[in-house]
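Survey of secondary and tertiary structure
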Amino acid sequence: MTISLGERTLALRKPRLLKPRREQIPAGACLCDYCTAKCCRYFALPIDTPEERGDFDYLRWYLLHGETTLFVDDGVWYLMVFTACKKLQADGRCGVYETRPQICRAYATDDCEYEDDWTYEQYFETAEQLDEYVEARFTLASSGAIRGPRPAAFPILN
């Protein structure tokens, strides 16, 4: 829809519909009918837990490539790659649903990220964030300290 304002024309967009919360979806309805197919737009693979400073250089390399992040969940490190499935259709539906891979068949909406409110123990989007983490982790480890320096005591007032 457009509105003419003399010499200018203003294009009006359709109002953006809000995605309903999971509990607002009618009983028996398919959660996927209300979703943007987030699960089909990335994959995450567990990776070896970095233990030495040099191990983090490989993780830094991952982050220097576009569309990647690292996260830690329940003590497990993951590489997340943001890339849409080649069979994801424009309407957010699977183009090979009947013959989809087993990993897709086993995926359930019970614990999916529909709400977009997931948090992780640690999350790194850039190599710089990882560098800061590594510096803090290994500086503390080499100093033998597990806490920062003890603050000065408060003066006692009489």
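About the criteria used
- Residues numbered from 1 in each chain as written.
- Predicted model: local features only at pLDDT ≥ 70, side-chain atom pairs only at ≥ 80, totals over all residues.
- Heavy atoms only, no water.
- Helix = DSSP H or I, 4+ residues; strand = E, 2+ residues; numbered from the N terminus.
- Buried < 20%, exposed > 50% of the residue type's maximum accessible area, 1.4 Å probe, protein only.
- Contact = heavy atoms within 4.5 Å.
- Core = buried A, V, L, I, M, F, W, Y, C linked by side-chain atoms within 4.5 Å.
- Pairing = 2+ DSSP bridges.
- Axes fitted to C-alpha atoms, helices over the stretch in contact; angles between N-to-C directions.
- Salt bridge = Lys/Arg side-chain N within 4 Å of Asp/Glu carboxyl O.
- Polar contact = N/O pair within 3.5 Å; in protein donor to acceptor, adjacent residues only side chain to side chain.

A count of helical and extended segments in the protein chain gives three helices and six strands. In sequence order, the secondary structure elements of the protein chain are arranged as β-β-β-α-β-β-α-β-α. Burial analysis of the protein chain (158 residues in total) assigns 18% to the buried set. Put simply, of all contacts in the protein chain between residues at least 6 apart along the chain, 64% involve residues at least 24 apart.

In this structure, Phe 56, Leu 59, Leu 70, Trp 77 and Leu 130 are the most contacted members of the largest nonpolar core, which totals 14 residues. Sorting the residues of this core by element identifies helix 1 (55-63), strand 4 (68-73), strand 5 (76-82) and helix 3 (127-143) as the ones contributing at least two each. Considering each element in turn, this core owes the most residues, four residues, to helix 3.

Taken in spatial order, the four strands line up as 3-5-4-6 in an open sheet, and their pairing is antiparallel. Every interior strand has two partners, whereas the edge strands, strand 3 (42-47) and strand 6 (122-124), have only one. Averaged over all pairs of adjacent strands, the angle between their axes in this sheet comes to 20 degrees, without regard to strand direction. Where strand 4 lies against strand 6, three bridges are found, and the strand directions are antiparallel. Residue Leu 70 lies in a different strand from strand 6, and its bridge partner there is Phe 124. Sheet strands touched by helix 1: strand 3, strand 4, strand 5 and strand 6. Its angle to strand 4, the strand with the most contacts, is close to 130 degrees.

Looking now at the pattern of salt bridges. Taken as a whole and assessed by the stated rule, the structure comprises six salt bridges. As a salt-bridge pair, Glu 23 and Arg 21 come within 3.9 Å of each other at their nearest N and O atoms. You can call Glu 23 exposed: its relative accessible area is 62%. Note that Arg 22 is salt-bridged to Glu 115, the shortest N-O span being 2.8 Å. With Arg 22 in the loop between strand 2 (8-11) and strand 3 and Glu 115 in the loop between helix 2 (102-106) and strand 6, this pair connects stretches of sequence that are 93 residues apart.

In this fold, Tyr 107 is placed in the loop between helix 2 and strand 6. We classify Tyr 107 as partly exposed; its relative accessible area is 39%. Taking the C-alpha atoms as reference points, Tyr 107 and Cys 39, 68 residues apart in sequence, are found 9.2 Å from one another. Each residue touching Tyr 107, except ones within four places of it in the same chain, is listed here: Cys 39, Cys 112 and Glu 113. A distance of 3.1 Å separates a polar atom in the side chain of Tyr 107 from a polar atom in the side chain of Glu 113.

These figures capture arrangement, not role.
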